[in-house]
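# Coordinates in review
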Amino acid sequence: MSQINKLKIFNDPIYGFITIPNALIYDLVQHPYFQRLRRISQMGLSYLVYPGANHTRFHHALGCMHLMQKAVEVLRFKVVSISPEEENALYIAILLHDIGHGPFSHAMERSIVEDVHHEEISLLFMNQLNVEFNGQLSLAIQIFKGEYDRKFMLQLISSQLDMDRMDYLKRDSFYSGVAEGNVNSERLIQMMNVVDDFLVIEEKGIYSVEKFLMSRRLMYWQAYLHKTSLVAELILTKVLKRAKELTMKGVQLPCSEPLLFFMKNKITMETFDTSTLDLFSQLDDFDIISALKAWQRQDDFILSSLSKMIVNRDLLKIKLSSEKVSLEELQPLKERFAMENNITLLETNYFIFKGKIKNQAYSKEAEPIRILKKDRTVEDVIESSDQLNLKSLSKLVTKYYICFPKQLIEMNI
């Protein structure tokens, strides 16, 4: 294909037309590793709550690259020097920042790929692509790892106000219909500048930053940590754990070859070689959903019951509280459920369990969002803002939950 033919445009419902800037980016988008993201949903099982939330990580990655193009344009206009090589590296790094996500990756990371996080897998994919593309990704990898000397470039990719967050809040808000998450990414980008190699937001953009942080907090409570999405993801984690447990005992479960590999083997970063990466690149949401459909008919009561819950959206009951729940309070539920279903007390942990969730819109420990004041001094947004609620947004809020089968509701919990 000629280089001209590779300058494609995508029609995106959020930003309009997204342009592929050059042939290398086109070839990366066309690569099977990246095309896999079309089959990885961005919001996991949230579609069980918000039926429109079926968008993919492919969508999101392209949106992030589009925002990065806007950011480079704005910074250059403000006489921040960004070379063509650096520009391209920024596009590559943001395009591939989520390439290591597996299907329903948070559930997978807590069950069958326990010791490896998606950030580490993203880096493995980037290194492999760098080999295939003869070192053309080296600078992007350096920036992604935080090893490049221009700090603001990493901040554009990964910080408390980066292209990733700007896109996913706007996109997830659009597709879920949770209007509170809609952030003004265009205005935020227009207000960006660089001072002493750090990314800053000009003072007149402070209200947009406040709205961004408030939107993030609301999206977490209303979408990402919505109790039904949460319980669905917890059940999926339990299903995968049970499937791995049975497979390790020699039980033959119907599933795809790549999924079977990860259930049969204990995966660590040390053992994650190129053949493991190749198998991981064949995994997507369809492997998991197909497995759940098949596992509904398995003899194992735990595996089949939990699989049916997700497939038919007949989930466990979840109760949220600001108070901790003791294990003793769950004991009568476990005893009754064990007796009624002829399972051991230990096995009831698959159906009756507790945990906690945390939400913090702005972290004072992480790299701050810096505001550039009119007198050219720079300060943390928390200090600059006259909004008392920004201080409350940096407070860590913890909620506790218990999950249990619906038939136990009549017991006083």
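On a predicted model such as this, the values are computed, not experimentally measured, just so you know. Per-chain numbering applies: the sequence of each chain, read as written, is numbered from 1 onward. The model is predicted, so local features are restricted to residues of pLDDT at least 70 and side-chain atom pairs to those at 80 or more, both for listing and for counting; the totals for chains, interfaces and linings are taken over all residues. Water and hydrogen atoms were dropped before computing side-chain values, which therefore reflect all heavy atoms in the structure.

### Some remarks on the environment of His59
Looking at where His59 falls in the secondary structure, it is placed in helix H3 (residues 57-77). Measuring from C-alpha to C-alpha, the distance between His59 and Gln42 comes to 8.4 Å, with 17 residues separating the pair along the chain. Note on definitions: a residue-residue contact is assigned when non-hydrogen atoms from the two residues lie within 4.5 Å. Leave out the neighbours within four places in its chain, and His59 touches Asp12, Arg171 and Tyr175. Side chain to side chain, His59 and Tyr175 meet in a polar contact 3.3 Å long. Only DSSP runs of H or I covering at least 4 residues are called helices, and only runs of E covering at least 2 are called strands; the numbering of each starts at the N terminus. N or O atoms closer than or at 3.5 Å make up a polar contact, with two conditions inside protein: a donor-capable atom paired with an acceptor-capable one, and, for residues adjacent in sequence, both atoms drawn from side chains.

### Some details on the sheet that holds strand S9 (residues 397-404)
With antiparallel pairing, three strands are arranged side by side in an open sheet as S5-S9-S6. In the strand order of this sheet, the two ends are held by strand S5 (317-321) and strand S6 (353-359), each with one partner. In this sheet, adjacent strand axes meet at a mean angle of 25° when their direction is disregarded. Under this scheme, a helix contributes an axis fitted over its contacting stretch, all axes are lines through C-alpha atoms, and angles between N-to-C directions fall in the 0 to 180 degree range. On top of the sheet, helix H11 (residues 206-224) reaches S6 and S9; it is set at about 160° to S6, its chief contact. Criterion used throughout: strands pair if DSSP finds at least two bridges between them.

### Quick look at H11
A helix is expected to span 1.5 Å for every residue after the first. Between the first and last C-alpha of H11 there are 25 Å, a value that for 19 residues agrees with the 27 Å anticipated at 1.5 Å per step. Burial classification: accessible surface area is computed with a 1.4 Å probe over protein chains only, and a residue below 20% of its type maximum counts as buried, one above 50% as exposed, and the rest as partly exposed. Listing the buried residues of H11 in full gives Ile206, Ser208, Val209, Glu210, Phe212, Leu213, Ser215, Arg216, Met219, Trp221 and Ala223.

### Observations concerning the packing of aromatic side chains
Geometrically, a pair of aromatic rings is defined through the distance of the ring centres and the angle of the planes. Think of it this way: a Phe, Tyr or Trp ring, Trp meaning its six-membered ring, pairs with another when their centres are within 6.5 Å, and the plane angle makes it stacked under 30 degrees, edge-to-face over 60, tilted otherwise. Going through the model one piece at a time under the given rule, you end up with 13 aromatic pairs. Ring centres of Phe261 and Phe262 lie 5.1 Å apart, and the angle between their planes is 90°; this geometry places the pair in the edge-to-face category. Taken together, Tyr33, Phe125, Phe261, Phe262, Phe272 and Phe280 form an aromatic cluster joined through their ring pairs. Both a distance and an angle decide whether a charge sits over a ring: NZ of Lys or CZ of Arg must be within 6 Å of the ring centre and within 35 degrees of the ring normal. Sitting over the face of the ring of Phe353, Lys238 holds its NZ or CZ atom 4.3 Å from the ring centroid. Between Lys399 and the ring centre of Trp221, over which it is positioned, the NZ or CZ distance is 4.0 Å.

### As for the domain arrangement of the protein chain
Bear in mind that the domain bounds are from an automatic or database domain assignment. On domain assignment, one finds that the protein chain holds domain 1 (9-226 + 368-395) and domain 2 (318-360 + 398-412). The partner domain 2 presents five residues to the eight residues of domain 1 that form the contact. Between domain 1 and domain 2, the buried area comes to about 590 Å², and carbon and sulfur atoms account for 53% of it. By definition, a salt bridge exists where a carboxyl oxygen of Asp or Glu is found within 4 Å of a side-chain nitrogen of Lys or Arg. Here domain 1 and domain 2 share zero salt bridges between them. Remark: the boundary between domain 1 and domain 2 carries three residue pairs in polar contact (both at pLDDT 80 or more). Considering every element that reaches the side of domain 1 that touches domain 2, the biggest residue donor is H11, with four residues. The term buried area refers to how much accessible surface (probe radius 1.4 Å) is lost by two components on association, counted for both of them together.

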